[in-house]
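Notes for the structure review
In case you want the letters, here they are:
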Amino acid sequence: MPRLSEVIAALETLWPAERAESWDAVGTVAGDPDQEVTRVLFAVDPVQEIVDEAVKLGADLLVTHHPLYLRGTTTVAATHFKGRVVHTLIKNDIALHVAHTNADSADPGVSDALAGALDLRVTGPLVPDASDPEGRRGLGRLCALDHPVTVRELAARAAERLPATAQGIRVAGDPEALVRTVAVSGGSGDSLFDHVRAAGADAFLTADLRHHPVSEARAHTPLALLDAAHWATEWPWCELAASQLDEISDRHGWDLRVHVSKTVTDPWTAHAASSPSDPLGAPN
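Note that the structure is a prediction, hence the values are computed from the model and not measured.

Considering the sheet that holds strand β10 (residues 224-228)
Taken together, 6 strands build an open sheet; the order of strands is β5-β6-β8-β9-β10-β7 and the sheet is mixed. Only two strands of the sheet have a single partner each, and these edge strands are β5 (121-128) and β7 (170-172). Strand after strand, the sheet turns through a mean of 25 degrees between neighbouring axes, direction not considered. As paired strands, strand β8 (residues 178-188) and strand β9 (residues 203-207) are joined by 4 bridges and run parallel to one another. Note on β9: the bridge partner recorded for A183 is F204.

Digging into unusual backbone geometry
Here D107 and P108 are connected by a cis peptide whose omega angle stands at 0 degrees. Among the structural elements, P108 can be located in the loop between α4 (101-104) and α5 (110-117). Of note in this structure, D93 is not a glycine but carries a positive phi near 55 degrees. Residue placement: D93 occurs in the loop between α3 (81-91) and β4 (95-98). Judged by relative accessible area, which is 56%, D93 ranks as exposed.

What counts, and at which threshold
- Per chain, residues are indexed from 1 in the order of the written sequence.
- Local features in this predicted model are restricted to residues whose pLDDT is 70 or higher, and side-chain atom pairs enter the listing and the counts only when it is 80 or higher, whereas totals over whole chains, interfaces and linings include all residues.
- Computation of side-chain values: all heavy atoms of the structure, hydrogens and water removed.
- Two strands qualify as a pair provided DSSP detects at least 2 bridges between them.
- The way it works is that DSSP assigns letters per residue, a run of H or I at least four long becomes a helix, a run of E at least two long becomes a strand, and they are numbered from the N terminus.
- Lines fitted to C-alpha atoms define the axes here, with helix axes fitted over just the stretch in contact, and angles between the N-to-C directions of these axes take values from 0 to 180 degrees.
- The classification of residues rests on relative accessible area computed with a 1.4 Å probe and restricted to protein chains. Under 20% of the type maximum is buried, over 50% is exposed, and intermediate values are partly exposed.

Taken by themselves, the reported measurements are silent on function.
Below is the structure:
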């Protein structure tokens with residue numbers, strides 16, 4: 001069985017910490033470098049529910065996309081929910097490793113997994129990483145469709161292929177407009193509108209879209225916007241990452257047992273659709 005330090009070294013080849021954004025907090029949060037690793041669990045969020053799942057599974061290592069402490073802390077007391085996560089990890093000899101923006105820009109990365117889930121053909125990064133001479137790394141992905149579909153059909157595909165959430169898929173734009181090229185970005189993507197417009201994409205699928213950026217984006221171009229749940233757009237990466245570690249394990253003869261959590265940790269739990277009596281105006 002490999003030691004934690006060996007597994008982490010392998011993960012660092014996939015998502016080097018130095019490729020994370022300067023504000024990010026990636027890498028190993030907890031764990032003894034000399035402990036043996038036999039079972040690994042991948043998940044989006046390092047929340048108590050996921051850590052409890054790792055305990056029940058008998059995992060030695062939990063790999064998450066989101067950081068536990070993004071802005072640092074002065075305490076890990078179990079009186080706070082993040083402190084309880086740390087205590088549970090340590091008491092059960094479970095290491096925690098985070099790959100966040102370094103996984104976003106990786107090749108393949110979070111947006112490649114999102115595109116793959118929607119059966120979109122990736123043609124390149126939306127925001128290329130200037131340090132990559134091959135032009136494959138970067139934020140977001142530009143994608144092509146084998147044949148045009150309507151915005152409505154693309155939204156339905158996303159709703160069907162991505163994990164189910166209370167939000168589903170919101171659409172801004174003409175539902176019947178034809179889509180030939182799509183930009184995708186796992187996680188929050190409304191800071192990328194300028195890049196999407198410059199790329200000439202017909203539609204942009206991402207998460208966490210806000211009123212004012214969407215209103216302004218729609219005023220600029222007929223670009224269709226598809227807004228999915230943040231968690232749902234990043235969960236496909238867990239399956240991609242698990243398959244990458246499986247391949248490394250086979251290559252090294254480690255015989256790791258690699259799992260992907262299917263626990264929904266999207267914070268939104270219900271959705272009530274509007275049914276206005278007068279669709280042309282707001283209620284008085």
